[in-house]
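Survey of secondary and tertiary structure
Now for the letters of each chain:
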Amino acid sequence: GWCPLSSAGAQTTQLLVEPPWRPAVLWDRVTLTCQGLGTAGATTWYKDGQRWGQNRLDHFTVTESVTYTCDRPSSGLSPPVTIINDQLVLQVPTLMLLERDTVTLRCQA
């Protein structure tokens with residue numbers, strides 16, 4: 001999905017996770033995409049709160065089990081996404097769920 005609108009109506013920066021399962025696990029070959037206003041070349045990435053550098057790409061495949069955020073000058077800092085490296089993980093889809101929705105869970109080892 002696309003970035004939600006805030007209560008003020010301004011678009012905010014979001015991190016899209018593929019495959020779309022939470023928690024995201026390192027051995028799932030996770031790709032993070034920074035979505036926000038402005039050009040992709042203006043994306044700044046952070047690992048565990050430390051500036052990781054400005055990247056010409058707005059996406060990359062994760063290689064470390066850390067917490068990632070991204071920043072786009074026109075829409076700000078994204079919420080964090082933590083990539084874990086646990087040996088056994090119960091995952092849920094990233095879709096918004098309502099009571100009585102049917103959901104598929106994924107158990108990976």
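Residues numbered from 1 in each chain as written. Predicted model: local features only at pLDDT ≥ 70, side-chain atom pairs only at ≥ 80, totals over all residues. Heavy atoms only, no water.

**Some details on the nonpolar core**
Ranked by internal contacts, the top residues of the largest apolar core, which has 14 residues, are Leu15, Val30, Leu32, Trp45, Val62, Tyr68 and Ile83. Put simply, the parts of the chain that give this core at least two residues each are strand S1 (14–18), strand S4 (31–35), strand S8 (67–72) and strand S10 (81–84). Ignoring sequence-local partners within four residues, the contact set of Leu32 consists of Leu15, Leu16, Val17, Trp45, Asp58, His59, Phe60, Val62, Tyr68 and Val81. (Core = buried A, V, L, I, M, F, W, Y, C linked by side-chain atoms within 4.5 Å. Buried < 20%, exposed > 50% of the residue type's maximum accessible area, 1.4 Å probe, protein only. Helix = DSSP H or I, 4+ residues; strand = E, 2+ residues; numbered from the N terminus. Contact = heavy atoms within 4.5 Å.)

**Structural notes on the state of the cysteines**
Throughout the structure, instances matching the rule amount to 1 disulfide. For Cys34, the disulfide goes to Cys70, at an S-S distance of 2.0 Å. Here Cys34 and Cys70 share a disulfide; its torsion about the S-S bond, 85°, makes the bridge right-handed. Of this pair, Cys34 sits in strand S4 while Cys70 is found in strand S8, placing the two residues 36 residues apart along the sequence. Each member of the pair Cys34 and Cys70 is classed as buried. (Disulfide = S-S within 2.5 Å.)

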